[in-house]
Amino acid sequence: MVLSLTECIGKKVPCVHFSIDDAILGLQELFENKPKSLWSSHYFRYIRELHDDTDAAITLYLFFSNETLERVKYPFDLSQTTDQYAEEFASASSWLKFGIHAHHRQKLILSQTREEFEDTAIQILKHIHLVFAEKSNIASTCRPHYYAAHKDACITLKRWGVNILF
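So, here is what we can say about the structure in this document. (Residues numbered from 1 in each chain as written. Predicted model: local features only at pLDDT ≥ 70, side-chain atom pairs only at ≥ 80, totals over all residues. Heavy atoms only, no water.)

Focus on the packing of helix 5 (residues 114-132) against helix 6 (residues 151-159)
Thinking step 1. One way to put it is that helix 5 packs onto helix 6 with a least axis distance of 9 Å and a crossing angle of 40°. It follows that helix 5 is oblique to helix 6 by the angle criterion. The two elements helix 5 and helix 6 meet at a crossing, and its hand is right-handed. Seen from helix 5, the contacting residues are R114, F117 and E118; seen from helix 6, they are D152, A153, T156, L157 and R159. (Axes fitted to C-alpha atoms, helices over the stretch in contact; angles between N-to-C directions. Helix = DSSP H or I, 4+ residues; strand = E, 2+ residues; numbered from the N terminus. Parallel < 35°, antiparallel > 145°, perpendicular 65-115°, else oblique. Left-handed = near helix turned anticlockwise from the far one by under 90°. Contact = heavy atoms within 4.5 Å.)

Quick notes on the packing of helix 2 (residues 24-33) against helix 3 (residues 42-54)
Thinking step 1. Running from amino to carboxyl end, helix 2 crosses helix 3 at an angle of 125°, the nearest separation of the two axes being 8 Å. Comparing the axis directions of helix 2 and helix 3 gives the class oblique. Contacts between helix 2 and helix 3 involve G26, L27, E29 and L30 from the first element and H42, Y43 and F44 from the second.
Thinking step 2. Taken together, the residues that form the contact of helix 2 with helix 3 break down as four nonpolar, two polar and one charged. (Nonpolar A, V, L, I, M, F, W, Y, C, P; charged D, E, K, R; others polar.)

Listed below in C-alpha cells is the structure:
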C-alpha cells in the first residue's frame, strides 16, 4: 500500500517519497507527442518504472507555464492539456500526484501578491483536477519554487488544506 507523504509523516512510518520540480516539461512532452497511452511517454514510463521498482509515492510539482525555461522548443502551458490521459492518471492516483510550484521559473510565489498567487494556484489546480488528471491526483503539499513563499501564500494554502514543503 502506498501512503502519501502527509500520511507517512502523520503516522510516523518510514516511506519513500520522490518528487520532481519543474515537471511541466514532462506534460509538454506528453501533450505534444500524444502517444496512445500515458505510459508510452518516455517521461511517464520512467516515472512508473521508478514507482514499480521502489514502491515510491511520486509528486510532480508544476509550473503553469514553461516560459523562461531553458532548452524549450515551443511555448507550453497547462491550458494546452486535454483529458486524453485523465483515466490513466486517475488509476495511478494512489502514488502519482501533482502539486503547485510557481507560475513559471522567473515568477516566484514570493514575488506575487496574494491575488496573483491565488490565481496561479487556482489555474494549476484547475487544470490538474478538471482537465488532464483528477482531483485524486492533487498533492496535499506545495513545494514553492526556490523554497520561498510569503506569509499570505502560506495562509492561503493552509486554508485550502495544502501543506508547504520547505
